[in-house]
Amino acid sequence: MVATMKAAVFVEPGRIELTDKPIPDVGPNDALVRITTTTICGTDIHILKGEYPVAPGLTVGHEPVGVIEKLGSAVTGYQEGQRVIAGAICPNFGSYAAQDGVPSQDGSYLIPSGRCGCHGYKATAGWRFGNLIDGTQAEYVLVPDAQANLAPIPDGLTDEQVLMCPDIMSTGFKGAENAHIRLGDTVVVFAQGPIGLCATAGARLLGATTIIAVDGNAHRLGISRRLGADISLDFNTCDVVDEVMRLTGGRGADSAIEALGTQTTFEQALRCLKPGGTLSSLGVYSQDLRIPLDAFAAGLGDHRINTALCPGGKERMRRLMNVIAAERLDLGVLVTHHYKLDDIVAAYDLFAHQRDGVLKIAIKPV
Ligand SMILES: [Zn+2]
């Protein structure tokens, strides 16, 4: 008899359900991880609504915290029973994309033939959990290329303390890193959802000294000030671009981080910048973007626009967990709710409708 586990699967647009699936077999480069805590991401809501297509029957979720249950024969230096996380993005670090410095864009395993053979690139394809392979909202998950992707949790850190590392913290910090922040910078962060809040915190750690957080939700703006924002702007009550220009004496911000994915926030981020400033874009856009000619100085403004997908890999995860262990940042404030895996459909409903001040939900199989 095949051993089975509970898993939350995408059925059709509007339906993610809990079902039984076989516990996967472990290949030589894999690790089977027993999930102790996972969570629901905004991206999972796009999947639920059918806005981001995944295969029916796929297990969703991409934020694993757990314990190594079984190691593949080629994976060394870990022990079964060890507590680990893995990044939401699990590239093959032997790929051309990884060696070119963009491991999140590794699609090597998708392309068995062709000019690059099985070594090639594909945009966003480093994101495998709950996108291309079964994900983490289950009792077990199979971590591919485990030697590169399993990151041991430092002693003393709880599941909740490291739950943001696989995706939210890695993505938010990448937004701050891509903004090329220097000591004393002024940075505007558009949207203060979990990723925008982590971008705000990252900007603070990198040495920005005027951090302007923008959102329409007073509760989230309050949390942004706890995590490092100096000034919070409610877009319902002010003209954000005018206010940034006033606060900077007409100079403009050194950088702007876009953490939502809409035309309005992208355009406002561009309009807030000084000439030579950097727009760091994290949002997931669902339609074409328009770049206004005047805000772009007709292409002559020395602006930089950077995009990113969440960085993964064990070294990235080690650094992020170090930030937590060194008490430079406490992201426990983002875990607002706890649910059992058995109740995940209700958790999706709460999260999708953003009820009850929800930021992140810790989901536990037991
Ligand atoms: Zn995510």
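Residues numbered from 1 in each chain as written. Predicted model: local features only at pLDDT ≥ 70, side-chain atom pairs only at ≥ 80, totals over all residues. Heavy atoms only, no water.

Draft legend 1. Up close: the coordination of the zinc ion. Around the zinc ion, the protein contributes the donor atoms Cys41 (SG), His62 (NE2) and Asp167 (OD), which lie 1.8 to 2.2 Å from the metal centre. Written as a sequence motif, the donor arrangement for the zinc ion is C-x20-H-x104-D. Taken together, the residues histidine 62 in the loop between α1 (42–48) and β4 (65–71) and aspartate 167 in helix α5 (residues 165–178) connect sequence positions 105 residues apart. You'll find histidine 62 and aspartate 167 in the same group, each marked buried. (Donors = N, O, S within 2.8 Å, 3.2 Å for Na, K, Ca; no water. Helix = DSSP H or I, 4+ residues; strand = E, 2+ residues; numbered from the N terminus. Buried < 20%, exposed > 50% of the residue type's maximum accessible area, 1.4 Å probe, protein only.)

Draft legend 2. Summary view of the packing of aromatic side chains. Here the structure, examined in full by the defined rule, presents two aromatic pairs. Ring centres of tyrosine 52 and tryptophan 127 lie 5.2 Å apart, and the angle between their planes is 40°; on these two criteria the pair is classed as tilted. Of this pair, tyrosine 52 sits in the loop between α1 and β4 while tryptophan 127 sits in the loop between α2 (96–99) and β6 (140–143); the two residues are 75 residues apart in sequence, bridging distant segments of the chain. When its relative accessible area of 7% is taken as the criterion, tryptophan 127 is described as buried. Considering the side-chain rings of phenylalanine 266 and tyrosine 285, the 6.1 Å spacing of their centres and the 85° angle between planes classify their relative orientation as edge-to-face. Within this pair, whereas phenylalanine 266 is found in helix α9 (residues 263–272), its partner tyrosine 285 is found in the loop between β12 (273–281) and β13 (304–307), the two being separated by 19 residues in sequence. Taking the relative accessible area as the measure of exposure, tyrosine 285 reaches 25% and is therefore partly exposed. (Phe/Tyr/Trp six-rings, centres within 6.5 Å; stacked < 30°, edge-to-face > 60°.)

Draft legend 3. Expanded view of the nonpolar core. If you look at the biggest cluster of nonpolar residues, it comprises 28 residues, and the most contacted ones within it are Ile85, Cys165, Met169, Leu331 and Leu334. Taken together, the elements giving at least two residues each to this core come down to α5, α6 (194–205) and α10 (314–325). No other element matches the five residues that α10 contributes to this core. Counting 22 residues, the second-largest nonpolar core is a separate cluster that includes Ala8, Tyr348, Phe351 and Ile361. (Core = buried A, V, L, I, M, F, W, Y, C linked by side-chain atoms within 4.5 Å.)

Draft legend 4. Representation of the layout of surface pockets. As a volume, the second largest pocket reaches approximately 220 Å³. Along the walls of the second largest pocket sit Phe173, Ala176, Glu177, Gly202, Leu205, Leu206, Arg316, Arg318, Arg319, Leu320, Asn322 and Val323, which together make up its complete lining. Those elements giving two or more residues to the lining of the second largest pocket turn out to be α5, α6 and α10. The greatest single-element share of the lining of the second largest pocket, amounting to six residues, is contributed by α10. (1 Å grid on protein atoms, 1.4 Å probe; cavity = no way out; pocket = protein on both sides within 12 Å on 5 of 7 lines; lining within 4 Å. Points joined across faces, edges and corners; volume = space filled by probe spheres on them.)

Draft legend 5. The arrangement of helix α8 (residues 240–247) in detail. Taken as a whole, α8 has its buried residues at Val240, Val241, Glu243 and Val244. With its buried residues spanning 165° around the axis, α8 presents them on a single face. Residues of α8 that are exposed and point more than 90 degrees away from the buried face comprise Asp242 and Arg246. Structurally, α8 contributes buried residues whose contacts are with β8 (186–190), β9 (210–215), β10 (231–234), β11 (253–258) and α9. Between a side-chain oxygen at the N-terminus of α8 and the backbone nitrogen of valine 241 the separation is 3.1 Å; the capping residue is aspartate 239. Backbone geometry just after α8 places glycine 249 at a positive phi near 65°. (Arc of directions from axis to C-beta. Contact = heavy atoms within 4.5 Å. Polar contact = N/O pair within 3.5 Å; in protein donor to acceptor, adjacent residues only side chain to side chain.)

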